[in-house]
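Okay, here's what each chain looks like letter by letter:
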Amino acid sequence: ASSALYFKNRYPLAPAAVGPYSQAVEANGTLYVSGQLPIDAKTGEFAVGGVKEQMVQVFTNLKYVLEEAGYDFSNVVKTTVYLQNMSDFGTLNEVYSQFFVEPYPARVAYQVAALPKGALVEADVIAVK
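Model, not experiment: these values are computed from the prediction.

1. Some words on helix α1 (residues 51-68)
Here is step 1 of the chain: Look at α1: 26 Å from first C-alpha to last across 18 residues, which is about the 26 Å you get at 1.5 Å a residue.
Here is step 2 of the chain: By the burial criterion, the buried members of α1 are Val 51, Gln 54, Met 55, Gln 57, Val 58, Phe 59, Thr 60, Asn 61, Leu 62, Tyr 64, Val 65 and Leu 66.
Here is step 3 of the chain: Following α1 by one or two positions, Gly 70 adopts a phi angle in the positive range, close to 85 degrees.

2. Here we look at the side chain of Thr 79
Here is step 1 of the chain: When you line up the elements, Thr 79 lands in strand β6 (residues 76-83).
Here is step 2 of the chain: On the accessibility criterion, Thr 79 (0% relative accessible area) is buried.
Here is step 3 of the chain: Within the structure, Thr 79 has its side chain in polar contact with the side chain of Tyr 96 (distance 3.2 Å).
Here is step 4 of the chain: Not counting residues within four places of it along the chain, the set of residues in contact with Thr 79 comprises Phe 59, Tyr 96, Phe 100, Pro 105, Ala 106, Arg 107, Val 108, Asp 124 and Val 125.

3. Concerning the side chain of Asp 124
Here is step 1 of the chain: Examined against the element boundaries, Asp 124 turns out to sit in strand β8 (residues 121-128).
Here is step 2 of the chain: An unpaired buried charge is present at Asp 124: no salt bridge exists, and Lys 78, the closest side chain of opposite charge, is 6.4 Å distant.
Here is step 3 of the chain: Within the structure, Asp 124 has its side chain in polar contact with the side chain of Tyr 82 (distance 2.9 Å).
Here is step 4 of the chain: The contacts of Asp 124, once residues within four sequence positions are left out, are Val 33, Ser 34, Gly 35, Leu 62, Lys 78, Thr 79, Thr 80 and Tyr 82.

4. Considering the pairing of strand β3 (residues 30-36)
In summary, the side chains of a regular strand alternate between the two faces of the sheet.
Here is step 1 of the chain: Counted residue by residue, β3 has six buried out of seven residues, so it is predominantly covered.
Here is step 2 of the chain: As defined by bridge partners, strand β2 (residues 24-27) adjoins β3 across four bridges and the pair is classed as antiparallel. Paired with Val 25 across the two strands is Tyr 32, which belongs to β3.
Here is step 3 of the chain: Connecting the antiparallel pair β2 and β3 is a turn made up of two residues, with Asn 28 showing a positive phi of about 55 degrees.

5. Describing the environment of Pro 105
Here is step 1 of the chain: Looking at the element boundaries, Pro 105 is found in the loop between α2 (89-99) and β7 (106-111).
Here is step 2 of the chain: Taking C-alpha positions, Pro 105 is 27 Å from Gly 118, a pair spaced 13 residues apart along the chain.
Here is step 3 of the chain: Dropping the residues within four chain positions of it, Pro 105 is found in contact with Val 76, Val 77, Lys 78, Thr 79, Tyr 96 and Phe 100.

6. Focus on the packing of aromatic side chains
Here the distance between the centres and the angle between the planes together describe a pair of aromatic rings.
Here is step 1 of the chain: Evaluation of the coordinates by the stated rule reveals seven aromatic pairs.
Here is step 2 of the chain: Look at Phe 59 and Phe 100: their rings are 6.2 Å apart centre to centre, the planes differ by 90 degrees, and that puts the pair in the edge-to-face class. Here Phe 59 is found in helix α1, whereas its partner Phe 100 is found in the loop between α2 and β7, with 41 residues between them in sequence. For the pair shown, Phe 59 and Phe 100 are each scored as buried.
Here is step 3 of the chain: Here a set of aromatic residues connected by ring pairs shows up, and it is made of Phe 59, Phe 73, Tyr 96, Phe 99 and Phe 100.
Here is step 4 of the chain: Directly above the aromatic system of Tyr 96 lies the positively charged group of Arg 107, at a separation of 4.5 Å from the ring centroid.
Here is step 5 of the chain: Lying across the ring of Tyr 71, Lys 129 places its NZ or CZ 4.6 Å from the centre.

About the cut-offs
- Residues numbered from 1 in each chain as written.
- Predicted model: local features only at pLDDT ≥ 70, side-chain atom pairs only at ≥ 80, totals over all residues.
- Heavy atoms only, no water.
- Helix = DSSP H or I, 4+ residues; strand = E, 2+ residues; numbered from the N terminus.
- Expected span 1.5 Å × (residues − 1).
- Buried < 20%, exposed > 50% of the residue type's maximum accessible area, 1.4 Å probe, protein only.
- Polar contact = N/O pair within 3.5 Å; in protein donor to acceptor, adjacent residues only side chain to side chain.
- Contact = heavy atoms within 4.5 Å.
- Lys, Arg positive; Asp, Glu negative; His and termini not counted.
- Salt bridge = Lys/Arg side-chain N within 4 Å of Asp/Glu carboxyl O.
- Pairing = 2+ DSSP bridges.
- Phe/Tyr/Trp six-rings, centres within 6.5 Å; stacked < 30°, edge-to-face > 60°.
- Lys NZ or Arg CZ within 6 Å of the ring centre and 35° of its normal.

What follows is the structure, given as structure tokens:
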């Protein structure tokens, strides 16, 4: 789309894309943020610890991309979360509430067979101004 603005590895605090895609694309006042893995951009490695630490890193990375594009979590209307294990759903709710406040965006969470690089969690968001 000619009116789209592509954010390809533009924000140094968020990890670079691990494939041929942009960190986010903005089109007509809507920001589509690609799935974020729990990679710490400073180290290039997953956040140290378990699933909770990985979740915090994922949502921190989403925050960085949102901020680079001039958005924040209050602009998010839809979140998709991919879990390696649905038994981590309670931890997801705990971490999620540290980043989002009411009114919460729409959300879906899936258990998936595998995630890139063996991550325990990945998430993406759609934000609107």
